[in-house]
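# Report on the structure
The primary structure of each chain is shown beneath.
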Amino acid sequence: RISLSPLAFASVFGFLGGWSHALCNKMFDAYTSLLTGHYLNMSMAIAEKDWRTALWRLSVICSYVGGTASASRIEVRCQRSRQGKEGAKGIAAAPSNRHFQTIAPLSLAIFVISDRLHKGKLALLAFGYGLVYPSVVASLGGTITHLMTGHTTNVARLLGANKSHHKGMKTSLCVLGSVICGAIFGTKALEVLGEEFPYFSVLGFLYAGAMLLLL
């Protein structure tokens, strides 16, 4: 079902994730799909009674959750249409072709619209990333392609166990390298092209194209 190797797809989505993280950090001083910071900043804002900041952080969290929940709902509906209601008891191990045929144009539209917004841009992007990344992770057998802590831990654990040739080492190193390269590219592109360039429309097109290749 995957025309390229899973490692190649993990690298592609890792690169796009690094690019996205760099853009969001430079443009908004926040991330869209790294929720730990939003939870902590929301908690600190609550403690300081900074309700405006707390609500803003909560809106990003809820948007990502909404995107992820929507992706799951789409997959359940795809299963029911394929197998009938009786056969769809839960979420499949890997999303179906029809799932990505639905998610790809939907996420592209969200990214394009976000480029035209001033208010609510980060929350809409969080919804889009909530659609994309959990679906990709499921399709790649659980390999997370946009977060680095787990892969760094995996590399360290395998090194400590003297298993440097383990398959997981190669996967983690590829994802880490891809995210780093994507972040470098995204930062340099922002310096050259400026903030008015429609970065998220381009990213949406690339995400959609990569997801369709997963069919």
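Our subject in this report is the structure included herewith. No experiment lies behind these values; they were computed from the predicted model shown. (Residues numbered from 1 in each chain as written. Predicted model: local features only at pLDDT ≥ 70, side-chain atom pairs only at ≥ 80, totals over all residues. Heavy atoms only, no water.)

### Structural notes on the overall build of the chain
Put simply, the rule reads: Numbering of helices and strands runs from the N terminus, with a helix taken as a DSSP run of H or I at least four residues long and a strand as a DSSP run of E at least two residues long. To get the radius of gyration, use the C-alpha atoms; to get the globule rule, take the number of residues to the power 0.38 and multiply by 2.2 Å. We call a residue buried when its accessible area falls under 20% of the maximum for its residue type, exposed when it is over 50%, and partly exposed in between, using a 1.4 Å probe and counting protein chains only. Any two residues whose heavy atoms approach within 4.5 Å are treated as being in contact. Surface accessibility follows the Shrake-Rupley procedure with a 1.4 Å probe radius. Residue values consider only the protein chains on display as shielding. For the purpose of charge, His is not counted, nor are the chain termini; Lys and Arg are scored as positive and Asp and Glu as negative. By convention, the point assigned to a charge is CZ for Arg, NZ for Lys, CD for Glu and CG for Asp.
Regarding its fold elements, the chain presents eight helices and zero strands. When the elements of the chain are put in sequence order from the N terminus, they spell out α-α-α-α-α-α-α-α. Its C-alpha atoms give the chain a radius of gyration of 18 Å, near enough to 17 Å, the size a compact globule of 215 residues would have. For the C-alpha atoms alone, the extent of the chain along its principal axes is close to 50 × 45 × 40 Å. Taken across its 215 residues, the chain has 42% of its residues classed as buried. Relative to all contacts within the chain whose residues are 6 or more apart in sequence, the contacts with residues 24 or more apart total 71%. In the form shown here, the chain has an accessible surface area of approximately 11,300 Å², with 64% of it arising from carbon and sulfur atoms. Between the mean site of the 20 positive side-chain charges and the mean site of the 9 negative ones, the chain shows a separation of 13 Å.

### Re the packing of helix H4 (residues 97–114) against helix H8 (residues 199–213)
Our working rule: Axis lines are fitted to C-alpha atoms, over the contacting stretch for helices. Their N-to-C directions set the angle, which ranges from 0 to 180 degrees. Roughly parallel covers angles under 35 degrees, roughly antiparallel covers those over 145, roughly perpendicular covers 65 to 115, and oblique covers all other angles. Residues are sorted three ways: Asp, Glu, Lys and Arg are charged, Ala, Val, Leu, Ile, Met, Phe, Trp, Tyr, Cys and Pro are nonpolar, and all the rest, Gly among them, are polar.
Contact geometry for H4 and H8: axes closest at 7 Å, N-to-C directions at 175 degrees. In terms of orientation, H4 lies roughly antiparallel with respect to H8. Along its contact with H4, which presents Phe100, Gln101, Ile103, Ala104, Ser107, Leu108, Phe111, Val112 and Ser114, the element H8 presents Phe200, Ser201, Gly204, Phe205, Tyr207, Ala208, Met211 and Leu212. When the residues that make up the contact of H4 with H8 are grouped by side-chain class, the tally is twelve nonpolar, five polar and no charged.

### Re the packing of aromatic side chains
Spelled out, the test is: Think of it this way: a Phe, Tyr or Trp ring, Trp meaning its six-membered ring, pairs with another when their centres are within 6.5 Å, and the plane angle makes it stacked under 30 degrees, edge-to-face over 60, tilted otherwise.
Summed over the entire model, instances satisfying the criterion amount to eleven aromatic pairs. An angle of 45 degrees between the planes, with centres 5.6 Å apart, marks the rings of Phe15 and Phe185 as tilted. Note that Phe15 is positioned in helix H1 (residues 6–28) and Phe185 in helix H7 (residues 167–193), a separation of 170 residues in sequence. An aromatic cluster is present here, built from Phe13, Phe111, Tyr129, Tyr133 and Tyr207 joined pairwise through their rings.

These figures capture arrangement, not role.
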